[in-house]
Amino acid sequence: MHKRIKVLLVEDAAPDAELMIRALEGWGYEVEWARVTTCHEVYDKLRGSKWDLVLADYLLPGFSGLEALEVVRDFDHDMPLIMVSGTIGEDQAVAAMRAGAKDYVMKDNLKRLGPAVERELSEARERRERHHTEMELENSRERWRVAFQTSPDSISINRLSDGLYVDVNEGFCSLTGYRKSEVIGNTTDEIEIWADEGQKRFLLSTVEEHGYAENVRVEFKMKDGTLRAGLFSARVIEISGCSYLLSITRDIHEWEQSQRNYRLLAENIIDIIWALDRDMVVTYISPSVQTVLGYSPDEMVGQPVTNFLDEVSAREALENAREMLEGKDLQGMTMDVPLQTKDGKTVLAEISGSIASDFYGRSISLVGVTRDITERKALENQLLHAQKMEAIGTLAGGVAHDFNNLLTGILGYAELLKMEGPEDEVSAEASDMILRAAERGAQLTKQLLGFARKGKQQSVPIDIKEAIRDVVAILGRTVAKGITIEQELTPKETYVEGDPGQINQVLMNLGVNACDAMGDAGTLKFSTTLVNHQEREGEKPSVVLEVTDTGRGIPPGVESKIFDPFFTTKPLGEGTGLGLSTAYGIVRNHGGDIRVWSEVGKGTVFTIELPLTSNRPKREGAEVRDICECDGVLVVDDEETVRSVVVRMLESMNCRPIAVSDGESALRFVKENRSSLDLIILDWSMPQMMGLDCLRQIRKTDVNVPVLVITGHAVETTSSLLKGFSRVSFLQKPFSLQTLAQSMRELLR
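Computed from a predicted model, the values in this text were never measured in an experiment. (Residues numbered from 1 in each chain as written. Predicted model: local features only at pLDDT ≥ 70, side-chain atom pairs only at ≥ 80, totals over all residues. Heavy atoms only, no water.)

1. Points about the pattern of salt bridges
All told, the structure shown has 26 salt bridges when counted by the stated rule. Glu-488 is the salt-bridge partner of Lys-525, the closest N and O atoms lying 2.8 Å from each other. Remark: Glu-488 occurs in strand β19 (residues 482-488) and Lys-525 occurs in strand β21 (residues 521-531); sequence separation between them is 37 residues. Here Glu-488 falls in the partly exposed class, since its relative accessible area comes to 48%. One salt bridge connects Asp-637 with Lys-733, and the closest N-O pair in it is separated by 3.1 Å. Pair noted here: Asp-637 is in the loop between β25 (633-636) and α19 (640-652) and Lys-733 is in the loop between β29 (728-732) and α23 (737-748), with a separation of 96 residues, a long-range link. Lys-733 shares its class with Asp-637; the two are buried. Because the salt bridges share partners, they merge into one network encompassing Glu-11, Asp-16, Asp-57 and Lys-107. (Salt bridge = Lys/Arg side-chain N within 4 Å of Asp/Glu carboxyl O. Helix = DSSP H or I, 4+ residues; strand = E, 2+ residues; numbered from the N terminus. Buried < 20%, exposed > 50% of the residue type's maximum accessible area, 1.4 Å probe, protein only.)

Right, here's the structure in full:
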């Protein structure tokens, strides 16, 4: 079998190079070769490829074999170079050998070339292996030195016979507080480093018997006299025929302190800290489990954790644990599960778990934390409910605004039709029907706007009987057909001061709860009476409202909790426990009182008592003919129907209106005609330029012109933004001809 070698020939004579290659091939080599003739070529070839051998002529034109030898030694000290020459003498050959050539062969005796090359290649391999071994040994010594000196652990070498310190590292000095000079040359007894003499004797006897000791907790005495715990490992080593003890001590003082802190935390935290083995059996659980679930730790340790989960949660937990233990899910798990308490109640818990691994990274157990989130979930549900109601309120406000624009046109044109149309009976009746329908629609949009107020409380006179009728009308369209709704209302006036939307909310909540309690059949009754309270000095007369149902009733012991926030008897997901607590807060904020009576199987009565007020709602007053004629009224509204009907209304009042559809057009008209303007009727919600921005720009042009703001939104939202503007009033859509006339007259006074 041919041996493959790469040979670099430093030879100026091509025939001689061919002879050398043939001599090597005759010796059994398969040669890959290249020929060079200059020093630079030698360097380039050495740098560009790896060679096994260099054969160099001793003498070349302008270049010598010794120069080639110098280049080769600089590049690779161990690469063999053999001089091949026809003129080299004995002295020159000796000089070449001293310079680093491995052999020389005469060109007239090339039969020596094969054996010389084989010998030199073998010696080169041995040199490289020896050099590699020496380097490895040196590197190993350096690694040991670096590890010894830089290790944060305490490392010491002691003579086994008497404990004399031969060497210590910086970790030993940092741990004990001693300097090297204070330790080396002294014994362990002389510096009194062992805190327990008995423990010292036991460890030394263990090391002498077995040759090593591993991870033994020991206590050492520091230079300042304090005691410190460490994890001690030692092994007997031989150095120059003498036995020494190489010991490594890891400072575990802070680790033990953290363990104590962890134990303190685990035993006192409200959350439950736990650990499970690979079979999902509880191996540790913190004492807080007794507070949350009613079980003692002893009752749970050793039990499969699935014993405390429902079937669905147990299956999910086992699947998650399997994926984690198999390394498929290294992020851990977090899941919300219902847990059964010892007394049979359900607690909603958030369980977070992760893998605990051993020193080698193998998964050995699951650890985690369980937190009672029952109250948090209730708060989240409250927030979601509030967000949903806010979204619905926003939608309701937008719908009401758009409907108010439509109703403004319907109501206005119906009034104009009644005033100006044919006075036959059919037309008059049709006009009345349109007016009544439009007014009813206006009432519905007012209810929507009241719902959309988002908790902003008004203080206006409210007719409780009217509020009851509105709620009954809504319930009558939504409750089960088998439920009868009755009203027994006093004929006397029942006005209270408050927020219509919130009062309606209380009545609606009580009505819905009553219908839920009755199911598909029963009787819901609203009744009112007046109470004078003459026997209680200083108290105002009040109205008493009772909401009675024939439902299943409230169990004993529950009545005292029904007004508590988040308390509900409805199944999970069907009630927030906020309805009655909200009703209670609203009634109390209105200066009233709310009570409940109930008997299981007979029904429930909620009683609300609110103080009466002598105030009454403002009535529409002025007749159309009372309005002062205006020379110029500017109507600004983006809705064509509203613009058109307002213009017709104004014309019926002998005014001269001008209508524009946007704020920019209004501003241009005001600038050009401000001397002829008596009044501006300005829509609040317009695209591009809102009514408020338009009003501000108008005031920069003319500070005195009266402005009547018309809006399809709730009036209190608009009025709060109009504070600070003089001679500005507002009117809510839809409005009648008389309401518009009265608002204009009041503004023009």
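2. Some remarks on the pairing of strand β6 (residues 81-85)
As a general feature of sheets, a regular strand has side chains that alternate between the two faces. With five of five residues buried, β6 lies mostly within the body of the structure. The two faces of β6 match: Leu-81, Met-83 and Ser-85 on one face and Ile-82 and Val-84 on the other face are all buried. In this sheet, β6 lies alongside strand β3 (residues 53-56) in parallel orientation, the contact comprising three bridges. The residue bridging Leu-55 from the neighbouring strand is Ile-82, located in β6. Direction of pairing for β6 relative to strand β7 (residues 103-106): parallel, over a ladder of four bridges. Within β7, the position partnered with Ile-82 by the bridge is Asp-103. (Pairing = 2+ DSSP bridges.)

3. Topic: the sheet that holds β3
Pairing within the open sheet is parallel, and its five strands lie in the order β2-β1-β3-β6-β7. Every other strand in the sheet has two partners, leaving β2 (29-36) and β7 as the edge strands with one partner each. With strand direction ignored, the average angle separating the axes of adjacent strands in the sheet is 25°. Of the strand pairs in this sheet, strand β1 (residues 3-10) and β3 are connected by four bridges, and their pairing is parallel. Considered in β3, the bridge of Leu-8 is made with Val-54. Strand contacts of helix α3 (residues 65-75): β1, β3 and β6, with the helix running at about 170° to β6, the strand carrying the most contacts. (Axes fitted to C-alpha atoms, helices over the stretch in contact; angles between N-to-C directions. Contact = heavy atoms within 4.5 Å.)

4. Some points on the nonpolar core
Grouped together as the largest cluster of nonpolar side chains are 35 residues, with contacts concentrated most on Leu-524, Phe-526, Ile-608 and Leu-610. No other element matches the seven residues that helix α17 (residues 500-518) contributes to this core. If we skip the residues at most four places from it in the chain, Leu-524 touches Leu-475, Ile-483, Thr-484, Ile-485, Glu-486, Gly-511, Ala-514, Cys-515, Met-518, Val-547 and Thr-548. Met-280, Leu-309, Ala-314 and Ile-351 belong to the second largest nonpolar core, which has 26 residues in total. (Core = buried A, V, L, I, M, F, W, Y, C linked by side-chain atoms within 4.5 Å.)

5. Remarks on helix α16 (residues 464-478)
The end-to-end C-alpha distance of α16, which contains 15 residues, comes to 21 Å, matching closely the 21 Å that a straight helix rising 1.5 Å per residue would cover. Two or three places before Lys-465, at the start of α16, stands the capping residue Asp-463, its side-chain oxygen 3.1 Å from that residue's backbone nitrogen. (Expected span 1.5 Å × (residues − 1). Polar contact = N/O pair within 3.5 Å; in protein donor to acceptor, adjacent residues only side chain to side chain.)

6. Notes on the pairing of strand β23 (residues 593-599)
Covered by surrounding structure in β23 are Ile-594, Val-596 and Ser-598 only, the residues Asp-593, Arg-595, Trp-597 and Glu-599 on the alternate face being uncovered. Of the pairings in the sheet, the one linking β23 to strand β24 (residues 603-611) comprises seven bridges and is antiparallel in character. Looking at the pairing, Trp-597 lines up with Val-605 of β24.

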